[in-house]
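A closer look at the structure
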Amino acid sequence: MIKTLFTILVYMITIWSSAALADYALGCDDPKYHQYIKGRFAHFDAKNRRLYTETLRDYERSLAASNNPYQVIGDLGRHLKYSAQFDPVSKVNAKIDRIFEHANALSVAQQIAGDVFDRFSVETHAVGIARAWIAYRQGNLQVAFGELLKSIEVSNSAVLSAFGPDIELIRRIYRDGHVAPVLAYLNKTEEFWTGRRPDSLRYVWLKMIEAECHIQFDFVDTIKALELDLSVINVNKDRELSR
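It should be emphasised that the depicted structure is a prediction, and the values quoted were computed from it without experimental measurement.

**Some thoughts on the overall build of the chain**
A count of helical and extended segments in the chain gives 12 helices and zero strands. Secondary structure elements of the chain occur, N-terminal to C-terminal, as α-α-α-α-α-α-α-α-α-α-α-α. The buried share of the chain, taken over its 243 residues, is 42%. A sequence separation of at least 24 residues applies to 62% of the contacts in the chain between residues at least 6 apart. When the accessible surface of the chain is split by element, carbon and sulfur atoms take 56% of a total near 13500 Å².

**Observations regarding the pattern of salt bridges**
Scanning the entire structure with this criterion turns up 12 salt bridges. Residues Arg-57 and Asp-58 are paired through a salt bridge, measuring 3.9 Å at the closest nitrogen-oxygen approach. Here Asp-58 falls in the partly exposed class, since its relative accessible area comes to 31%. Two residues, Asp-87 and Lys-95, come together in a salt bridge whose shortest N-O distance is 2.7 Å. When its relative accessible area of 5% is taken as the criterion, Lys-95 is described as buried.

**Topic: the packing of helix α2 (residues 31-65) against helix α4 (residues 89-104)**
Taken N-terminus to C-terminus, the directions of α2 and α4 make an angle of 35°; their axes are 14 Å apart at the nearest point. For the crossing formed where α2 meets α4, the hand is left-handed. When α2 is examined against α4, the residues Tyr-52, Leu-56, Tyr-59 and Leu-63 are found in contact with a partner set consisting of Lys-91, Lys-95, Arg-98 and His-102. Class assignment for the residues of the contact of α2 with α4 results in four nonpolar, one polar and three charged.

**Notes on unusual backbone geometry**
For Glu-212, which is not glycine, the phi torsion reads 60° and is therefore positive. Phi at Asp-229 takes a positive value of approximately 60°, unusual for a residue other than glycine. Looking at the element boundaries, Asp-229 is found in the segment after α12 (221-227).

Thresholds, definitions, all that
Residues numbered from 1 in each chain as written. Predicted model: local features only at pLDDT ≥ 70, side-chain atom pairs only at ≥ 80, totals over all residues. Heavy atoms only, no water. Helix = DSSP H or I, 4+ residues; strand = E, 2+ residues; numbered from the N terminus. Buried < 20%, exposed > 50% of the residue type's maximum accessible area, 1.4 Å probe, protein only. Contact = heavy atoms within 4.5 Å. Areas by Shrake-Rupley, 256 points an atom, 1.4 Å probe, with all protein chains shown as cover. Salt bridge = Lys/Arg side-chain N within 4 Å of Asp/Glu carboxyl O. Axes fitted to C-alpha atoms, helices over the stretch in contact; angles between N-to-C directions. Left-handed = near helix turned anticlockwise from the far one by under 90°. Nonpolar A, V, L, I, M, F, W, Y, C, P; charged D, E, K, R; others polar.

Structure below.
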């Protein structure tokens, strides 16, 4: 009897939690959710424009100091993905050429040291993403999606394994209706971006793609998926609660 009452109580709590979290009555088609996503995209655009200015300033400062070539290359690499979104294509290509010029200017000893640290994987990834952006902006979708996948052909990258790959471009192309390249990209990240957090993010994003939801490709999606009443596990709790 006690066991039966406990089972009923757990079931009622689960139903109550589901109702409490389902903030969008029409799920992924709810106009309120669409308006929310529109605001988030505006937020990301403003943030990226601000980071464009900040990363360019950081690069120019490290270049003027000229006492740490790794800092110069790293700062330009961080700037590239923002430059690729907003700069004229010719200017982006010039910055890509410049990062290789900086790399070629390294001494043999410096190049070896850079390879030992992380094989310049972050900068290589940044160049690949920038090339994908350029092709996408020019309407060369096949080239863009190919460059997107090439950008994550990395091995033993400590930085990308810890912090993950770029998601700005997949946010854009998914919003534009290109699902297949986003799926290919997310699946390929399993080769190097591992652990509880990336696994949780991929799981939620793939579930949202399956449900044809708008996605912001941010950790907040793990909460929004519950509020949309999707059939997903609450990845933010220690115990898995099926929805």
